[in-house]
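Below, each chain spelled out in residue letters.
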Amino acid sequence: MKNAEKTNQIAVFKALADPVRLEIVEYLKQTNHEVTCGEVGKAIDISKTSGSYHFKLLQEAGLINARKEAREKYVSLNQKTFNKYVTNFYKNI
């Protein structure tokens with residue numbers, strides 16, 4: 001495995017090792033469509049500051065897709081990353 005790929009894999013597992021980020025991933029899987037960060041934050045009861053931090057780490061690991069529209073940030077799961085690094089994990093959450 002190349003160094004860059006190994007670094008990506010480590011980032012994925014570090015991101016998934018946190019209970020809050022895992023809860024975000026579970027919520028996004030249940031919704032199965034793009035939602036605002038605010039909606040996710042309300043659903044799992046985290047502050048905007050905390051949410052921003054966790055969404056940033058999930059995005060850096062490639063686990064979520066994010067786009068900004070006006071003042072809203074929309075997120076969805078990036079199944080390609082799950083399929084590449086943690087194949088059966090996605091099915092079991």
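Look above for the structure.
Residues numbered from 1 in each chain as written. Predicted model: local features only at pLDDT ≥ 70, side-chain atom pairs only at ≥ 80, totals over all residues. Heavy atoms only, no water.

S.K.: Can you walk me through the pattern of salt bridges in this structure?
M.R.: Charged atoms that come close allow side chains of opposite charge to pair. Scanning the entire structure with this criterion turns up 4 salt bridges. Among the salt bridges present, the one from Lys56 reaches Glu60, with a minimum N-O distance of 3.8 Å. Here Glu60 and Lys56 lie together in helix H4 (residues 48–60), a separation of 4 residues that amounts to about one turn. (Salt bridge = Lys/Arg side-chain N within 4 Å of Asp/Glu carboxyl O. Helix = DSSP H or I, 4+ residues; strand = E, 2+ residues; numbered from the N terminus.)

S.K.: Which parts of the structure should I look at to understand the side chain of His54?
M.R.: The residue His54 is located in helix H4 in this model. Among the residues examined, His54 registers a relative accessible area of 7% and is labelled buried. Non-local contacts of His54, meaning those with residues more than four positions away in its chain, are made with Asp18, Val20, Arg21 and Ile24. (Buried < 20%, exposed > 50% of the residue type's maximum accessible area, 1.4 Å probe, protein only. Contact = heavy atoms within 4.5 Å.)

S.K.: How should I be thinking about the pairing of strand S3 (residues 72–77) in this particular structure?
M.R.: Taken residue by residue, a regular strand's side chains alternate between the two faces of the sheet. By the bridge criterion, 2 bridges tie strand S1 (residues 35–36) to S3 in an arrangement that is antiparallel. Residue pairing across strands places Val35 opposite Val75, the latter belonging to S3. Here strand S2 (residues 64–69) runs beside S3; their pairing, made up of 6 bridges, is antiparallel. Opposite Lys68, over in S3, you have Lys73 as the bridge partner. In textbook terms, the turn of a hairpin is the stretch between consecutive antiparallel strands, and for S2 and S3 this stretch comprises 2 residues, one of which, Ala70, has a positive phi near 55 degrees. (Pairing = 2+ DSSP bridges.)

S.K.: Looking at this model, I keep getting lost on the environment of Leu22. Mind explaining?
M.R.: Mapped onto the secondary structure, Leu22 falls in helix H2 (residues 19–31). The spacing of Leu22 and Leu63 is 41 residues in sequence and 11 Å in space, taken between C-alpha atoms.

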